[in-house]
Amino acid sequence: MSEKPGAITAFARFVLCGGGVGIASSFAVTGLASWIPWFLANALIAVVSTLLSTELHARFTFGKGGRATWRQHTQSAGSAVAAYAVTCLAMLLLQQLVAAPGARLEQVVYLSASALAGAARFAVLRLVVFARNRSRATTTARPVRTTVSGAAPADRSALCRAA
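Not measured: the values here are computed from a predicted model. (Residues numbered from 1 in each chain as written. Predicted model: local features only at pLDDT ≥ 70, side-chain atom pairs only at ≥ 80, totals over all residues. Heavy atoms only, no water.)

Draft legend 1. Region of interest: the packing of aromatic side chains. What the rule picks out here adds up to 5 aromatic pairs. By way of ring pairs, the aromatic residues Phe11, Phe14, Phe62, Phe122 and Phe130 are connected into one cluster. Seen from the ring of Phe60, Arg13 lies directly overhead, with NZ or CZ sitting 4.7 Å from the centre. (Phe/Tyr/Trp six-rings, centres within 6.5 Å; stacked < 30°, edge-to-face > 60°. Lys NZ or Arg CZ within 6 Å of the ring centre and 35° of its normal.)

Following this line, the structure appears as structure tokens:
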């Protein structure tokens, strides 16, 4: 198992993996939509890209070094759905507040919501989904008790030989 990377390194890897999969997904949706309805292509690619991203995050981003578990896939998918809901809510709110928003304002709102959702998703993945099992390690580790029988040696050389 590899060592867990620091937060900055993990975030850079998160952006690289997520961005790479996102760009590939946009091309895949476009290509697949030429054969099947767009909404179906988008749903299919969203599932595949979430599975792929979760595997990349398990193996590379968060330093787990192995395959993602089903629990991690489920939690990652939940965080992706929550991020999707945040961007949809932001766009819905924009439509309610501005009668005819321009393309630039829509992009600013969407990208801002995506950045916020992405940062929150990174935190959830790092702190919950791919966190090491610290609680298990602390509950199973027990203090070592030693018992010294007899009198302690008076000089240091005797202590070193005893160790």
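Draft legend 2. Representation of the confidence of the model for the chain in the model. For the chain, mean pLDDT is 79; residues scoring 70 or higher make up 79% of the total. Taken element by element, the predicted model of the chain shows its lowest mean pLDDT in helix 6 (residues 156-162) (41) and its highest in helix 3 (residues 70-97) (90). (pLDDT = per-residue confidence, 0-100. Helix = DSSP H or I, 4+ residues; strand = E, 2+ residues; numbered from the N terminus.)

Draft legend 3. Main features of the packing of helix 1 (residues 7-32) against helix 4 (residues 103-129). At a minimum axis separation of 11 Å, helix 1 and helix 4 run at an interaxial angle of 120°. With respect to each other, helix 1 and helix 4 are oriented oblique. As for the relative orientation of helix 1 and helix 4, their crossing is right-handed in sense. Taking contact as the criterion, the partners of Ala7, Ala10, Phe11 and Phe14 in helix 1 are, on helix 4, Gly118, Arg121, Phe122, Leu125 and Arg126. Each residue belonging to the contact of helix 1 with helix 4 can be placed in one class, and the counts come to 6 nonpolar, 1 polar and 2 charged. (Axes fitted to C-alpha atoms, helices over the stretch in contact; angles between N-to-C directions. Parallel < 35°, antiparallel > 145°, perpendicular 65-115°, else oblique. Left-handed = near helix turned anticlockwise from the far one by under 90°. Contact = heavy atoms within 4.5 Å. Nonpolar A, V, L, I, M, F, W, Y, C, P; charged D, E, K, R; others polar.)

Draft legend 4. Representation of the environment of Arg121. One can find Arg121 in helix 4. Relative accessible area serves as the criterion here: at 14%, Arg121 is assigned to the buried category. As a C-alpha pair, Arg121 and Ala82 span 39 residues in sequence and 8.4 Å in three-dimensional space. Beyond its immediate stretch of four places on either side in the chain, Arg121 contacts Phe14, Ser76, Ser79, Ala80 and Ala83. Only 2.8 Å separates the side chain of Arg121 from the side chain of Ser79, close enough to count as a polar contact. (Buried < 20%, exposed > 50% of the residue type's maximum accessible area, 1.4 Å probe, protein only. Polar contact = N/O pair within 3.5 Å; in protein donor to acceptor, adjacent residues only side chain to side chain.)

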